[in-house]
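# Notes for the structure review
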Amino acid sequence: MNAGIDDDGWLQMAQRRSSPNYTARPLNTPIDLLVIHNISLPPGEFGGNWIDDFFLNQLNPTAHPYFATIAHLEVSAHCLIRRDGCLMQYVSFHHRAWHAGRSSFQGRDRCNDYSIGIELEGTDEIPFTAAQYDCLNTCIALIQQQYPAITAERIVGHSDIAPGRKTDPGAAFLWERIGLIAPSARGGGM
């Protein structure tokens, strides 16, 4: 175990939920990017097991009208931080989670190949909680110890690697709460 991440790539402080939505990373690909997202299911609502169900391919398409439009998708992130600060991990850091989609960072495409994706339960417009920022800061510190190539300049939002297609983590996310300025202000992203 190294810095709270075990030899299999799992954060020891996280509740483990194994998503089937991952693949092997390309050989000899260093992990050197961290992508911050937000998610709420249904949109704008918090709590419940809908995000778990979505990442585990168990989302009931009849439980909410919006779910019928996404239940067929195979999506995952490495981690999710709920509103109360509870941390879930769905995919080992050794594997490629399916969180970024079509994406590029500094001219390098396919960010899923070399990134770690962390979802925050939230929306672009609703402020995130102090518990979420506390948990995120702890996660970032542990991840950076294990993957030192993930420097402050390589912590970005989904919107930075998929501009025009994605907007998260959104205007409500306070980069300064994790000791950073927004990637666009520091020349990160595309």
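Above this note sits the structure.
Treat the numbers as computed from the prediction; the structure is a model and nothing was measured.

### Some remarks on the overall build of the protein chain
- Along its length, the protein chain carries four helices and 10 strands.
- Counting from the amino terminus, helix and strand elements in the protein chain follow one another as β-β-β-α-α-β-β-β-β-β-β-α-β-α.
- What you see for the protein chain is a C-alpha radius of gyration of 15 Å, in line with the 16 Å of a compact globule of 190 residues.
- Taken along its principal axes, the extent of the C-alpha atoms in the protein chain is 45 × 35 × 30 Å.
- When each of the 190 residues of the protein chain is scored for burial, the buried share is 51%.
- Restricting to contacts in the protein chain with at least 6 residues of sequence separation, those with at least 24 account for 70%.
- Accessible surface, the protein chain as shown: approximately 8500 Å² in total, 52% of it carbon and sulfur.
- Distance between charge centroids for the protein chain: 4 Å, based on 14 positive and 20 negative side chains.

### Observations concerning the nonpolar core
- Counting residues in each nonpolar core, the largest one holds 29 residues, and the members touching the most others are I143 and I178.
- Those elements that place two or more of their residues in this core are β3 (33-39), β4 (79-81), β9 (115-121) and α3 (130-146).
- It is α3 that contributes the most residues to this core, seven residues altogether.
- Counting residues in hydrophobic clusters, the runner-up holds 16 residues, among them L41, L80, C86 and M88.

### Details of the pattern of salt bridges
- With the rule as written, the count across this model stands at seven salt bridges.
- A salt bridge links D52 to R82; its shortest N-O distance comes to 3.8 Å. One end of the pair, D52, is in helix α1 (residues 50-55); the other, R82, is in the loop between β4 and β5 (87-89), with 30 residues separating them in the sequence.
- One salt bridge connects E121 with R82, and the closest N-O pair in it is separated by 3.6 Å. One end of the pair, E121, is in strand β9; the other, R82, is in the loop between β4 and β5, with 39 residues separating them in the sequence. In this structure, E121 and R82 share a single accessibility class: buried.
- Three or more residues joined by partner-sharing salt bridges are found here, namely R17, D52, R82 and E121.

### Digging into the sheet that holds strand β1 (residues 15-16)
- Strand order in the open sheet formed by six strands is β1-β5-β4-β9-β3-β10, and the pairing between neighbours is mixed. Here the strands that pair on one side only, and so sit at the sheet edges, are β1 and β10 (155-157).
- In this structure, β4 lies alongside β9, joined through three bridges in parallel fashion. Among the inter-strand pairings, I81 is bridged to a residue of β9, identified as L120.
- Across the sheet, α3 touches β3, β4, β5, β9 and β10, and the angle it forms with β9 is around 170 degrees.

### Some points on the packing of aromatic side chains
- Evaluation of the coordinates by the stated rule reveals eight aromatic pairs.
- Their ring planes at 80 degrees and their centres at 4.9 Å tell us that F55 and Y90 sit as a pair that is edge-to-face. Note that F55 is positioned in helix α1 and Y90 in the loop between β5 and β6 (95-97), a separation of 35 residues in sequence. For the residue pair F55 and Y90, the accessibility class agrees, reading buried in each case.
- Ring centres of Y133 and F173 lie 5.6 Å apart, and the angle between their planes is 35 degrees; this geometry places the pair in the tilted category.

### Quick look at the state of the cysteines
- In this structure the tally under the stated criterion is zero disulfides.
- This cysteine, C86, is not joined by any disulfide, and C135 carries the nearest cysteine sulfur, 8.0 Å off.
- Note on C111: no disulfide assigned, nearest cysteine sulfur contributed by C79 at a separation of 17 Å.
- Taking relative accessible area as the criterion, C111 reaches 0% and is therefore assigned buried.

Analysis parameters
- Residues numbered from 1 in each chain as written.
- Predicted model: local features only at pLDDT ≥ 70, side-chain atom pairs only at ≥ 80, totals over all residues.
- Heavy atoms only, no water.
- Helix = DSSP H or I, 4+ residues; strand = E, 2+ residues; numbered from the N terminus.
- Rg over C-alpha atoms; globule rule 2.2 N^0.38 Å.
- Buried < 20%, exposed > 50% of the residue type's maximum accessible area, 1.4 Å probe, protein only.
- Contact = heavy atoms within 4.5 Å.
- Areas by Shrake-Rupley, 256 points an atom, 1.4 Å probe, with all protein chains shown as cover.
- Lys, Arg positive; Asp, Glu negative; His and termini not counted.
- Charge placed at Lys NZ, Arg CZ, Asp CG, Glu CD.
- Core = buried A, V, L, I, M, F, W, Y, C linked by side-chain atoms within 4.5 Å.
- Salt bridge = Lys/Arg side-chain N within 4 Å of Asp/Glu carboxyl O.
- Pairing = 2+ DSSP bridges.
- Axes fitted to C-alpha atoms, helices over the stretch in contact; angles between N-to-C directions.
- Phe/Tyr/Trp six-rings, centres within 6.5 Å; stacked < 30°, edge-to-face > 60°.
- Disulfide = S-S within 2.5 Å.

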